[in-house]
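# Results of the structural survey
Here are the chains, one letter per residue:
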Amino acid sequence: MLTINPKDIPTAKLHGYLLGAIAPRPIAFASTIDEDGNPNLSPFSFFNVFGANPPIMIFSPARSVRANKTKHTLDNAEATKEVVINIVNYDIVQQMSLSSTMYPKGVNEFEKSGLTMLPSDEVKPFRVAESPVQFECKVKDIIYTGSEGGAGNLIVCEVVKLHIQENVLDENGGIDQHKIDLVARAGGNYYTRAKDGFFEIPKPIATLGIGVDKIPDEIRNSTVLTGNNLGMLGNVEQLPTMEDVNNFAKEHPQLVGVSEEKKHIFAQEYLDNNEAESAWKVLLIK
């Protein structure tokens with residue numbers, strides 16, 4: 001058996017062991033606003049529920065291991081004492097992943113991920129309309145566990161209102177675990193779909209993805225492509241060149257001259273195989 005003193009290995013290595021062993025972890029898709037009212041949206045898998053009376057949830061936007069910087073979510077929670085915790089299901093997992101990209105302060109991750117801002121009733125941060133369950137929360141306390149990279153910051157939240165989409169309820173009014181189709185985080189690139197096991201989502205690229213907001217309207221408004229498909233398309237750093245698109249068209253002449261709907265169907269097949277660049281080439285064929 002491998003035996004390790006945490007102080008004897010780099011924090012990044014320890015971080016990997018912790019995330020690989022303590023899994024699957026629920027995801028707090030946290031919506032906040034800064035003091036100027038700018039929305040922020042980011043997922044955190046250091047998260048759980050800790051009581052029902054009062055209803056308490058805790059999540060931790062840890063300091064970045066490499067750069068030892070705090071997350072915008074923490075800064076906003078400190079400033080405004082409000083947060084919405086949105087629950088992630090399989091239908092929005094790719095858009096959730098895209099929102100975790102380190103966009104500069106002030107960038108609206110709702111727009112980048114293609115998710116819908118829904119006004120809250122009791123707090124100022126917006127809810128994610130596509131999330132099956134949304135918890136409006138007041139921040140009761142923040143517990144700082146350290147000042148070095150990787151240190152946790154436990155945001156203690158009291159739920160003041162919750163919203164549940166009726167299509168995830170069973171005949172008795174409870175949440176049906178099959179209908180809600182939850183996902184959770186594991187180590188590396190792994191997630192788990194509660195009713196279907198493990199799957200992978202490549203971590204968002206170190207450079208910034210273009211975002212769903214930069215996808216042309218005729219693609220964003222597709223009747224074929226899902227939110228997850230759009231999230232994958234928005235996670236590319238740049239679009240393929242027209243030279244690459246034309247070469248791709250020569251190699252796949254069956255894709256030239258087809259309807260927009262058929263192009264979207266072909267692109268979706270590539271996305272199902274995690275081939276976002278090829279999907280973009282299909283969509284850009286003239």
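In the block above lies the structure referred to throughout.
It should be emphasised that the depicted structure is a prediction, and the values quoted were computed from it without experimental measurement.

## Here we look at helix α9 (residues 260-272)
Over its 13 residues, α9 runs 18 Å from end to end, which matches the ideal 18 Å to within 8%, given 1.5 Å per residue. Inspection of α9 places Lys263, His264, Ala267, Gln268, Tyr270 and Leu271 among the buried residues, and these make up the whole buried set. Buried residues along α9 cover an arc of 155° about the axis, so they all sit on one side. Contact partners of the buried residues in α9: α6 (217-220), α7 (227-233), α8 (242-251) and α10 (276-284). Immediately downstream of α9, the backbone of Asn274 shows phi near 60°, a positive value.

## Section: the sheet that holds strand β12 (residues 197-200)
With antiparallel pairing, 3 strands are arranged side by side in an open sheet as β10-β11-β12. The sheet is open, and its two edges are formed by β10 (183-185) and β12, each paired on a single side. The mean angle between the axes of side-by-side strands here comes to 35°, regardless of whether they run parallel or antiparallel. By the bridge criterion, 3 bridges tie β10 to strand β11 (residues 190-193) in an arrangement that is antiparallel. Residue pairing across strands places Arg185 opposite Tyr191, the latter belonging to β11.

## Regarding the pairing of β11
Between β10 and β11, which pair antiparallel in sequence order, lie 4 residues; one of them, Gly188, sits at a positive phi of approximately 60°. Pairing between β11 and β12: 4 bridges, direction antiparallel. From the neighbouring strand, Thr192 faces β12, where its bridge partner is Phe198. Here β11 folds back onto β12, and the loop between the two strands holds 3 residues.

## Section: the environment of Leu225
Here Leu225 lies in the loop between α6 and α7. With a relative accessible area of 7%, Leu225 lands in the buried category. Considering only alpha carbons, one finds Leu225 and Ile265, 40 residues apart in sequence, at a separation of 7.7 Å. In contact with Leu225, other than residues within four places in its own chain, are Ile219, Leu230, Leu233, His264, Gln268 and Leu271.

Cut-off values and rules
- Residues numbered from 1 in each chain as written.
- Predicted model: local features only at pLDDT ≥ 70, side-chain atom pairs only at ≥ 80, totals over all residues.
- Heavy atoms only, no water.
- Helix = DSSP H or I, 4+ residues; strand = E, 2+ residues; numbered from the N terminus.
- Expected span 1.5 Å × (residues − 1).
- Buried < 20%, exposed > 50% of the residue type's maximum accessible area, 1.4 Å probe, protein only.
- Arc of directions from axis to C-beta.
- Contact = heavy atoms within 4.5 Å.
- Pairing = 2+ DSSP bridges.
- Axes fitted to C-alpha atoms, helices over the stretch in contact; angles between N-to-C directions.

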